[in-house]
Amino acid sequence: MTLPSDLVQSGIVARYEFLKHLRSRRLLGIFILEIAIIALILLIPPLQGQDYPSDPAKFAGMFVQWVWILIVIGSTLFAGDSLVSEFQQRTGYLLFPNPVKKRVLFIGKYAASAGIMFLALAVFYAVVAVFVISVDGSISGLMASSFGLAMLFGVAALSIGYVISSFMKGSTGALILTFALLLLILKIVDGVATASKARPDFSLTFSSGVIGYIMETPYPTDFVQTIDFGGRSFEFANYYPSVTVSIVVAIIYIIVTVALAIWLFDRREMSA
Amino acid sequence: MDDPIVIENLTKDFNGFKAVDSLNLKVERKSFVGFLGPNGAGKTTTIKILTHLLSASGGQAYLNGVDVTKDPKNALAGVGAVVETPEFYPYLTPIETLQYLGSLRGMSNEYIQRRTKEVLETVKMTEWSKTRIGKFSKGMKQRLAIAQAMIHEPHVLILDEPTSGLDPRGMVEVRNILQDLRKGDYTIFMSSHLLTEVQEICESVALIDRGKLLAHGSVATLVEGTGSKDIDVRILQPVDSYVIDRISNFEGVERIVPGDPRHFTITFKGREEDQARLLSEMQTLGLKIVSFKEIGVALESLYMSLIKDSR
Ligand SMILES: Nc1ncnc2c1ncn2[C@@H]1O[C@H](COP(=O)(O)OP(=O)(O)O)[C@@H](O)[C@H]1O
Ligand SMILES: [Mg+2]
């Protein structure tokens, strides 16, 4: 009996991790959330007495600007405690004494999380496409670009979840921190940077805006708004992430966080 | 061929506290070694280093000749392990779990299927083979843990308190499973704080306290080394303090502890002949001896005295 190569082993890990995700109630939760988001967005125009946009790109854009929320929740549920649980739930006692490197376990788990993210996003975009086609009769090619960007930022968000998962002690803390970091903390950073007229290109949440903006033609450009308030005028900057810079930012996030997460996971001990 | 387990100067430092302190130990092929020590002695810590759950602060640990601290993948290839009571993925069934771990080890599907059937039967879990593990009891998980450790027919088993969490019947069953392995080419290194368990399964013991090895050898040799044993004596008629006094002066008697009036325990040190003479001398005192039985296993007194000495 010879041991499988690292690559084959990471495939095996990915397969069973994927199975675990499929059977967890969390995936069902994500699907329900997707249906809820789509249903709410579909309700708004009729309530306001308006028709759905006849431009398929515009119509789809109404939905895809919510994709970041899905990504954050998906990363929280499918990455946030993926590593923590091996320690906290003690399943590591079963897994780690096997002839497999920790980093191979990591890669398998990571691939499975990415697969689940793909599944969650694909279902969302598919359902949106069905509605757009049934209302407007056609669909915009920009949706494919948006989906590709969503997947890239989805993986970047997962990677941050994995870093948090690699050092946090408890699942709940890891889940909350992942969620808060991706949704609140980075958003606050964006706001502070924008207020002080600095482009927050470095922020993943800011850059993730491309997922929605890509649907707009022409692509939005930065502008400064002047608002008069009590006799004084305030300048507000409106920044839009550039597509190329955003892609580079996402890739840098992935590389740095994955390397850090593997390093931390490799060294982490099964001590409790 | 290399010894299955070789531990050299192994040290584990938890922020200045040495849970394992320059430990040296060799486990020979086909030997069953009990790793004994009081709670907190460092048994689990040692076993965790052997099974890639903890890193070592110093020293080496070779499994089948491969240093597990440097190359865990190859070192663990021929090893099965049960450490603490592991948890299982609640969404998988025993069959799926064994399939997962078996394929990680490079077993073919047919081989996994055959072994899965065998090991689940061995641990009496066949009935539950297709049920998700989520709600299994601790005892069921412990059995499954033993099953997964044996799935690939490893020649080396490393077990940390393998009967913990089991009810008395489960304990007996696990001990029987392990004793059964005597027939094959198996090496067992198992920690326990239960002397009787170790005596039942293992022919050798390694005694550890405060991270240091106190003694290592076959149970027989270690017992011989101490020489003293407890003998339980029951008499037909009640005995008085005069008799007790007389007996305590016999050769080899270190101590005598009276129980109820017809019953006392002698701590005795000496050879077999001396022990036989003790019995006949007691009879010359006119005692009608109902029972004269070695209890409290000599290993226990060795264990206690070694631990006392090391403190
Ligand atoms: N992660 C840890 N951090 C600090 N001390 C630890 C840790 N794990 C174990 N210890 C200490 O090391 C000693 C040995 O523990 P352990 O190996 O579990 O003993 P045993 O299994 O023989 O009962 C104990 O004093 C324990 O408190
Ligand atoms: Mg222990």
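You'll find the structure just up there.
Cut-offs and rules
Residues numbered from 1 in each chain as written. Chains lettered and ligands numbered in written order. Predicted model: local features only at pLDDT ≥ 70, side-chain atom pairs only at ≥ 80, totals over all residues. Heavy atoms only, no water. Helix = DSSP H or I, 4+ residues; strand = E, 2+ residues; numbered from the N terminus. Buried < 20%, exposed > 50% of the residue type's maximum accessible area, 1.4 Å probe, protein only. Contact = heavy atoms within 4.5 Å. Areas by Shrake-Rupley, 256 points an atom, 1.4 Å probe, with all protein chains shown as cover. Lys, Arg positive; Asp, Glu negative; His and termini not counted. Charge placed at Lys NZ, Arg CZ, Asp CG, Glu CD. Axes fitted to C-alpha atoms, helices over the stretch in contact; angles between N-to-C directions. Parallel < 35°, antiparallel > 145°, perpendicular 65-115°, else oblique. Left-handed = near helix turned anticlockwise from the far one by under 90°. Pairing = 2+ DSSP bridges. Buried area = accessible area lost by both parts, 1.4 Å probe. Salt bridge = Lys/Arg side-chain N within 4 Å of Asp/Glu carboxyl O. Polar contact = N/O pair within 3.5 Å; in protein donor to acceptor, adjacent residues only side chain to side chain. Nonpolar A, V, L, I, M, F, W, Y, C, P; charged D, E, K, R; others polar.

Engineer: How do you make sense of the overall build of chain B when you look at a structure like this?
Structural biologist: Along its length, chain B carries eleven helices and 14 strands. Here chain B, with 311 residues, has 52% of them falling under the buried criterion. Looking at chain B alone, contacts between residues at least 24 apart form 68% of all its contacts between residues at least 6 apart. Counting every atom, chain B has about 14000 Å² of accessible surface; 50% of that belongs to carbon and sulfur. Averaging the positions of the 38 positive and the 41 negative side-chain charges in chain B gives two centres separated by 4 Å.

Engineer: Could you clarify how one ought to interpret helix 3 (residues 94-104) of chain B in this entry?
Structural biologist: Along an α-helix, residues three or four apart share an orientation, since each turn contains 3.6 residues. In terms of residue burial, helix 3 of chain B counts as a mostly covered element, since ten of its eleven residues are buried. Listing the buried residues of helix 3 of chain B in full gives Pro94, Glu96, Thr97, Leu98, Gln99, Tyr100, Leu101, Gly102, Ser103 and Leu104 of chain B. The secondary structure elements touched by the buried residues of helix 3 of chain B are helix 1 (6-23) and helix 6 (92-95) of chain A together with helix 4 (109-122) and helix 5 (138-150) of chain B. Count one or two residues on from helix 3 of chain B and you reach Gly106 of chain B, which has phi positive near 85°.

Engineer: In this structure, what is going on with the packing of helix 1 of chain A against helix 7 (residues 102-136) of chain A? I would like to understand it.
Structural biologist: The description of two helices packed together rests on the angle between their axes and the distance between the axes. Residue and element names in this part refer to chain A. Remark: helix 1 packs on helix 7, axes separated minimally by 7 Å, with the N-to-C direction vectors making an angle of 45°. Considering their axes alone, helix 1 and helix 7 lie oblique with respect to each other. The chirality of how helix 1 crosses helix 7 is right-handed. Together, Asp6, Gln9, Ser10, Val13, Ala14, Glu17, Phe18, Lys20, His21 and Leu22 of helix 1 and Val104, Leu105, Ile107, Gly108, Lys109, Ala111, Ala112, Ser113, Gly115, Ile116 and Leu119 of helix 7 make up the contact between the two elements.

Engineer: Just to check I follow, could you spell out the sheet that holds strand 7 (residues 156-160) of chain B for this structure?
Structural biologist: By way of backbone hydrogen bonds, the strands of a sheet pair with one another, either parallel or antiparallel. All names here are of chain B. As summarised here, the arrangement of the six strands in space is 6-7-8-3-9-10, forming an open sheet in which the pairing is mixed. The two strands at the open ends of the sheet, each matched to only one other strand, are strand 6 (79-82) and strand 10 (212-218). In this sheet, adjacent strand axes meet at a mean angle of 15° when their direction is disregarded. Sheet contacts for helix 5: strand 6 and strand 7; angle to strand 6, the most-contacted strand, approximately 170°.

Engineer: I keep staring at the interface of chain A and chain B and nothing clicks. Help me out?
Structural biologist: Many descriptions give the size of an interface as the accessible area lost when the pieces come together. Listed per partner, the contact involves 35 residues of chain A and 35 residues of chain B. Both sides together, the interface formed by chain A and chain B hides about 3300 Å², and carbon and sulfur atoms give 62% of it. Remark: the boundary between chain A and chain B carries four salt bridges. Residues Glu96 of chain B and Arg23 of chain A are paired through a salt bridge, measuring 2.7 Å at the closest nitrogen-oxygen approach. There are 16 residue pairs in polar contact (both at pLDDT 80 or more) connecting chain A and chain B. Elements that contribute at least two residues to the side of chain A that touches chain B include exactly helix 1 and helix 6 of chain A. Element by element, the count of residues in the side of chain A that touches chain B is highest for helix 1 of chain A, at nine residues. Looking at the side of chain A that touches chain B residue by residue, the classes come out as 16 nonpolar, nine polar and ten charged.

Engineer: Honestly, the packing of helix 4 (residues 67-78) of chain A against helix 7 of chain A in this entry has me stumped. Any pointers?
Structural biologist: All names here are of chain A. The N-to-C vectors of helix 4 and helix 7 enclose an angle of 150°; their axes lie 10 Å apart at closest approach. It follows from the interaxial angle that helix 4 and helix 7 lie roughly antiparallel. Two packed elements cross with a definite hand, and for helix 4 against helix 7 that hand is right-handed. When helix 4 is examined against helix 7, the residues Val67, Leu70, Ile71, Gly74, Ser75 and Phe78 are found in contact with a partner set consisting of Ser113, Ile116, Met117, Leu121, Phe124 and Tyr125. Here the contact of helix 4 with helix 7 is composed, by residue class, of nine nonpolar, three polar and no charged.

Engineer: Help me understand the sheet that holds strand 12 (residues 253-258) of chain B, please; the structure alone is not making it clear to me.
Structural biologist: Residue and element names in this part refer to chain B. An order of 12-13-11-14 is seen for the four strands of this open sheet, with the pairing classed as antiparallel. Each edge of the open sheet is held by one strand with a lone partner, namely strand 12 and strand 14 (289-295). When strand polarity is set aside, the average angle formed by the axes of neighbouring strands in this sheet is 20°. Pairing of strand 11 (residues 228-235) with strand 13 (residues 263-269) involves seven bridges; the strand directions are antiparallel. By the bridge assignment, Val233 is partnered in strand 13 with Phe264.

Engineer: It is not clear to me how helix 3 (residues 56-64) of chain A should be interpreted in this structure. Could you clarify?
Structural biologist: Residues and elements named next belong to chain A. Within helix 3, eight of the nine residues are buried, which leaves the element mostly enclosed by the surrounding structure. Along helix 3, the residues classified as buried are Pro56, Ala57, Phe59, Ala60, Gly61, Met62, Phe63 and Val64. Elements in contact with the buried residues of helix 3: helix 2 (25-47), helix 4, helix 7, helix 8 (142-167) and helix 11 (210-213). Its side-chain oxygen 3.0 Å from the backbone nitrogen of Ala57, Asp55 forms the N-cap of helix 3.

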